[in-house]
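Chains, contacts and geometry: an overview
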Amino acid sequence: GKKMIVCPLCGHLFYSNKQYTRHLNKSHLRNVPKDKRRRKKFLKNLLLIKIKKENNMELSRYEKILELKAKLNNIKL
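Throughout this document, residue positions are counted from 1 along each chain, in the order its sequence is written. Whole-chain, interface and lining totals are the exception, using all residues; otherwise, since this is a predicted model, local features are given only for residues with pLDDT of at least 70 and side-chain atom pairs are given and counted only at 80 or more. Where side-chain values are given, they derive from all heavy atoms of the structure, hydrogens and water being excluded.

**Description of the confidence of the model for the protein chain**
Scored from 0 to 100, pLDDT records how confident the predictor is in each individual residue. Chain-level statistics for the protein chain give a pLDDT mean of 85 and a share of 97% at 70 or above. Mean pLDDT values over the elements of the protein chain span from 83, in helix α1 (residues 17-29), up to 92, in strand β2 (residues 13-14). Strands here mean DSSP runs of E at least two residues long; helices mean DSSP runs of H or I at least four residues long; both are numbered from the N terminus.

Okay, here's the thing in structure tokens:
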């Protein structure tokens, strides 16, 4: 009779909101690339997201996650 939460990104199961939130922050949201090549690719994708938002185009699930990562790490679009 317990409520379970499933991570939509990787499929992990959680019994509490605290565990789920901690998992998101550690595994999916706070991981901004550190090396130069991957960071450049990340910033290029953020530029494409900005253009899509200006033209009122719908973002894919992956693009929404990238946008959220940027917000949490204080990277402005």
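Having seen the structure, we can now continue with the description.
**Points about the nonpolar core**
For soluble globular proteins, the rule of thumb is that nonpolar side chains tend to be buried together. Counting residues in hydrophobic clusters, the biggest one holds eight residues: Val32, Phe42, Leu46, Ile49, Leu59, Leu66, Ala70 and Ile75. Mapped onto this core, the elements with two or more residues apiece are α2 (36-54) and α3 (61-72). Ranked by residues supplied to this core, first place goes to α2 with three residues. In contact with Leu59, not counting residues within four places along its chain, are Ile49, Lys52, Lys53, Lys64 and Glu67. We call a set of buried residues a nonpolar core when its members are Ala, Val, Leu, Ile, Met, Phe, Trp, Tyr or Cys and they connect through side-chain atoms within 4.5 Å of each other. Buried means the residue's accessible area, taken with a 1.4 Å probe over protein chains only, is under 20% of the maximum for its type, while exposed means over 50%, and partly exposed covers the values in between. Counting five residues, the second-largest nonpolar core is a separate cluster that includes Ile5, Cys7, Phe14 and Tyr20. The criterion used for residue contact is that any of the two residues' heavy atoms lie within 4.5 Å.

**Examining a positive patch on the surface**
For patch detection, residues must exceed 30% relative accessible area and be free of salt bridges, and they are connected within 9 Å for like charges or within 5 Å for nonpolar side chains (Val, Leu, Ile, Met, Phe, Trp, Tyr). Using a 1.4 Å probe, accessible areas were evaluated by the Shrake-Rupley method; residue-level cover was limited to the displayed protein chains. Salt bridge, as applied in this entry: a Lys or Arg side-chain nitrogen positioned within 4 Å of an Asp or Glu carboxyl oxygen. Note on charges: Lys and Arg go in the positive column, Asp and Glu in the negative column, and His and the chain ends are not counted at all. To locate a charge, take NZ of a lysine, CZ of an arginine, CG of an aspartate or CD of a glutamate. A surface patch of positive charge is lined by Lys36, Arg37, Arg38, Lys40, Lys41 and Lys44. Mapped onto the elements of the fold, Arg37 is located in helix α2.

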